[in-house]
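Structure at a glance
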Amino acid sequence: YENLFIRELQEQDTDYLASLFVPALSDQHAGMLVSRLMAKRTAGEFMALLIFDEVDAFTGVMYLYDFKDEQCEIGYRIVNDMQGRGICTKAVACVLAYLKTYGITKATARVKEDNTASLKVLQRNGFYRTIENEDDYIKYLIEGRCDDSDYCNHRKFLIAAFNEKTNEVVFCSK
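First, a word on what this report is: a plain description of the structure on this page. Computed from a predicted model, the values in this text were never measured in an experiment. (Residues numbered from 1 in each chain as written. Predicted model: local features only at pLDDT ≥ 70, side-chain atom pairs only at ≥ 80, totals over all residues. Heavy atoms only, no water.)

1. A short note on the overall build of the protein chain
Note the cut-off: Secondary structure elements are taken from DSSP: a helix is a run of H or I of four residues or more, a strand is a run of E of two residues or more, and numbering for both begins at the N terminus. Only protein chains enter the area calculation, which uses a 1.4 Å probe; residues under 20% of their type maximum are buried, those over 50% are exposed, and those in between are partly exposed. Pairs of residues are marked as contacts when any of their non-hydrogen atoms sit within 4.5 Å. Only the protein chains shown count as cover for residues, and all accessible areas are computed by the Shrake-Rupley method using a 1.4 Å probe.
A tally of helices and strands in the protein chain yields 5 helices and 9 strands. Start at the N end of the protein chain and walk to the C end: the helices and strands fall as β-α-α-β-β-β-α-β-α-β-β-α-β-β. Looking at the protein chain as a whole, 42% of its 174 residues qualify as buried. Taking the intrachain contacts of the protein chain between residues at least 6 apart in sequence as the baseline, contacts between residues at least 24 apart amount to 54%. In the structure as shown, the protein chain presents an accessible area of about 9,500 Å², 47% of it carried by carbon and sulfur atoms.

This is the structure in C-alpha cells:
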C-alpha cells in the first residue's frame, strides 16, 4: 500500500467500527461505541482516527488518548484480513508526524509481549521498551522526531500532509 488516508471518526462510522470485531458488533452496540468515543473527543480526552487504503477500503483505527503536556498514548487495531501488510506501521508513522506539528513530542503505547506484530510496528517507528505494567502489558515510548526512527530512516517514505479545513491527515510515499 503506497498511500493511506486517515481521518477522524464521525457519527456515521458505526459500520467501520463494528467490522473490527469478530463477530462484528451489532448496529446498536457499534452506535453506542461511536457515541461514547465522540463524547470523549468533545471532552478533549480521546481521538479515534480511521485508516483507509488507497482504494478507500477501511483498514483499521488508531486511538489517541491520555493527552498531557507534550505527550499522548496511542493504540491501534487493524481489520483481520488487512493485517501483515505494513498498514499499521505506516499509519503510526504518519500520525506521529502529525502529532509533532501540534507540539506532541512523546508518545507511549502498551502491548502484550506475545503480540509480536504490534511490537514490530512500535519498534519500526522508533519506540523502545520502558516499563512493564501490572496488567501484563509492556509500555513503549518514543521521544523526539519520528524521522529518527529506523522505519522512517531506512524506508524514506514519509510525507504527511494535514488539511485544516477537513481535519484529515494524508499519507503519501516518496
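2. Things to note about the pairing of strand 3 (residues 58-68)
Just so we agree on the cut-off: Any two strands between which DSSP finds at least two bridges are classified as paired.
Note: strand 2 (residues 46-53) against strand 3, 7 bridges, orientation antiparallel. Looking across to strand 3, one finds that Leu50 is bridged to Val61. What sits between the antiparallel neighbours strand 2 and strand 3 is a turn of 4 residues, in which Asp56 has the positive phi angle 70°. In terms of strand pairing, strand 3 meets strand 4 (residues 71-78) through 7 bridges, oriented antiparallel. Bridging from a neighbouring strand, Lys68 pairs with Gln71 of strand 4. Hairpin connection between strand 3 and strand 4: a loop of 2 residues separates the two successive antiparallel strands, and Asp69 in this loop has a positive phi of roughly 50°.

3. Quick notes on empty space enclosed by the protein
The condition that has to hold: As defined here, a cavity is a set of points on a 1 Å grid over the protein atoms alone where a 1.4 Å probe fits but cannot get out. A pocket is an open set with protein on both sides within 12 Å along at least five of seven lines, and residues line them when an atom is within 4 Å of a point. Grid points are joined across faces, edges and corners, and a volume is the space filled by probe spheres set on the points. Ten residues, namely Ala, Val, Leu, Ile, Met, Phe, Trp, Tyr, Cys and Pro, are considered nonpolar, four, namely Asp, Glu, Lys and Arg, are considered charged, and the remaining ones, Gly among them, are considered polar.
Here the structure, examined in full by the defined rule, presents 2 cavities of 30 Å³ or more. The set of elements that each furnish at least two residues to the lining of the second largest cavity consists of helix 2 (27-42) and strand 2. Per-class residue counts for the lining of the second largest cavity are 6 nonpolar, no polar and 2 charged.

4. Digging into the nonpolar core
To keep things clear, this is the line we draw: By nonpolar core is meant a set of buried Ala, Val, Leu, Ile, Met, Phe, Trp, Tyr and Cys residues that side-chain atoms within 4.5 Å join together.
Counting 44 residues, the largest nonpolar core has Leu17, Ile51, Met62, Ile74, Tyr76, Val92 and Phe127 as its most contacted members. The set of elements that each furnish at least two residues to this core consists of strand 1 (4-8), helix 2, strand 2, strand 3, strand 4, helix 3 (87-101), strand 5 (106-112) and helix 4 (116-124). Considering each element in turn, this core owes the most residues, 9 residues, to helix 3.

5. Comments concerning the layout of surface pockets
Its boundaries defined by the atoms lining it, the largest pocket holds a volume of some 740 Å³. Lining the largest pocket are 34 residues, with Tyr76, Arg77, Asn115, Ala117 and Ser118 positioned closest to its centre. Elements represented by at least two residues in the lining of the largest pocket include exactly strand 3, strand 4, helix 3, strand 5 and helix 4. Here the lining of the largest pocket is composed, by residue class, of 17 nonpolar, 8 polar and 9 charged.

6. A look at helix 3
Note the following rule: By this rule, a helix spans an expected 1.5 Å times one less than how many residues it contains.
Taking 1.5 Å of rise per residue, the 15 residues of helix 3 would be expected to cover 21 Å, and the 22 Å separating its terminal C-alpha atoms lies within 8% of that figure. Burial analysis of helix 3 places 13 of its 15 residues in the buried class, the great majority of the element. Backbone geometry just after helix 3 places Gly103 at a positive phi near 85°.

7. Overview of the pattern of salt bridges
Here is the rule: Just to be clear on terms, a salt bridge is a Lys or Arg side-chain nitrogen sitting within 4 Å of an Asp or Glu carboxyl oxygen.
Inspection of every chain in the model, using the stated rule, returns 4 salt bridges. Between Glu8 and Arg41 there is a salt bridge, with the nearest N and O atoms lying 2.7 Å from each other. Of the two residues, Glu8 is situated in strand 1 and Arg41 in helix 2; the sequence distance between them amounts to 33 residues. In this structure, Glu73 engages Arg110 in a salt bridge whose closest nitrogen and oxygen atoms are separated by 2.6 Å. Taken together, the residues span a long stretch of sequence, with Glu73 in strand 4 and Arg110 in strand 5 at a distance of 37 residues. Judged by relative accessible area, Glu73 falls into the buried class, the value being 2%.

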